Amino acid sequence: MTNLTLYNQIATLPDELKKEVLDFVEFLKQKTKVPKRIKERKFGYAKGFFTIAPDFDEPLDDFKEYM
């Protein structure tokens, strides 16, 4: 089937059926879309991005009365 043959067939349809054909074509386009590939993360990419305070493991002053 050529594009011209398809166009001629669609052109002879009533307007409400042309709308259905358009909806179906949009559905087919959406269905066949290729999903975006997620870039593979590299190990150590965020190294040095975050720092932990030296007293991170020390009890908080707010909880001293419970100890």
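Residues numbered from 1 in each chain as written. Predicted model: local features only at pLDDT ≥ 70, side-chain atom pairs only at ≥ 80, totals over all residues. Heavy atoms only, no water.

Quick look at the overall build of the protein chain
Selection criterion: Going along the chain from the N terminus, every DSSP run of H or I of four or more residues is numbered as a helix, and every run of E of two or more is numbered as a strand. We take the radius of gyration over the C-alpha atoms and set the globule estimate at 2.2 Å times the residue count to the 0.38 power. Only protein chains enter the area calculation, which uses a 1.4 Å probe; residues under 20% of their type maximum are buried, those over 50% are exposed, and those in between are partly exposed. To measure how exposed things are, a 1.4 Å probe is used in the Shrake-Rupley method; for residues, cover is taken only from the protein chains shown. Positive charge is attributed to Lys and Arg, negative charge to Asp and Glu, and no charge count is given to His or to the chain ends. To locate a charge, take NZ of a lysine, CZ of an arginine, CG of an aspartate or CD of a glutamate.
A tally of regular secondary structure across the protein chain gives two helices and zero strands. Since a compact globule built from 67 residues should have a radius of gyration of about 11 Å, the 31 Å found for the protein chain marks it as more spread out than a globular shape. Along the first, second and third principal axes, the C-alpha set of the protein chain runs to 85 × 30 × 15 Å. By residue count, 0% of the 67 residues in the protein chain fall in the buried class. Carbon and sulfur atoms make up 60% of the accessible area of the protein chain, which totals about 7,800 Å². Within the protein chain, one finds 12 positive and 12 negative side-chain charges whose respective centroids are separated by 15 Å.

Brief notes about the packing of aromatic side chains
Convention followed: A pair of aromatic rings is counted whenever rings of Phe, Tyr or Trp (Trp by its six-membered ring) have centres within 6.5 Å, and the orientation is called stacked for planes under 30 degrees apart, edge-to-face for over 60 and tilted otherwise.
Within the structure shown, the criterion is met by two aromatic pairs. Centre to centre, the rings of F49 and F50 are 5.7 Å apart; their planes meet at 75 degrees, and the pair counts as edge-to-face. With respect to class, F49 is no different from F50; both count as exposed.

Some details on a nonpolar patch on the surface
Rules: To count toward a patch, a residue needs a relative accessible area over 30% and no salt bridge; like charges are then connected within 9 Å, while nonpolar side chains (Val, Leu, Ile, Met, Phe, Trp, Tyr) are connected within 5 Å. Note on definitions: salt bridges are taken to be side-chain nitrogens of Lys or Arg within 4 Å of carboxyl oxygens of Asp or Glu.
A cluster of nonpolar side chains, namely F24, F27 and L28, defines an oily patch on the protein surface of about 300 Å² accessible area. Residue position: F24 is located in helix 2 (residues 15–31). In this structure F24 comes out as partly exposed when scored by relative accessible area, which is 49%.

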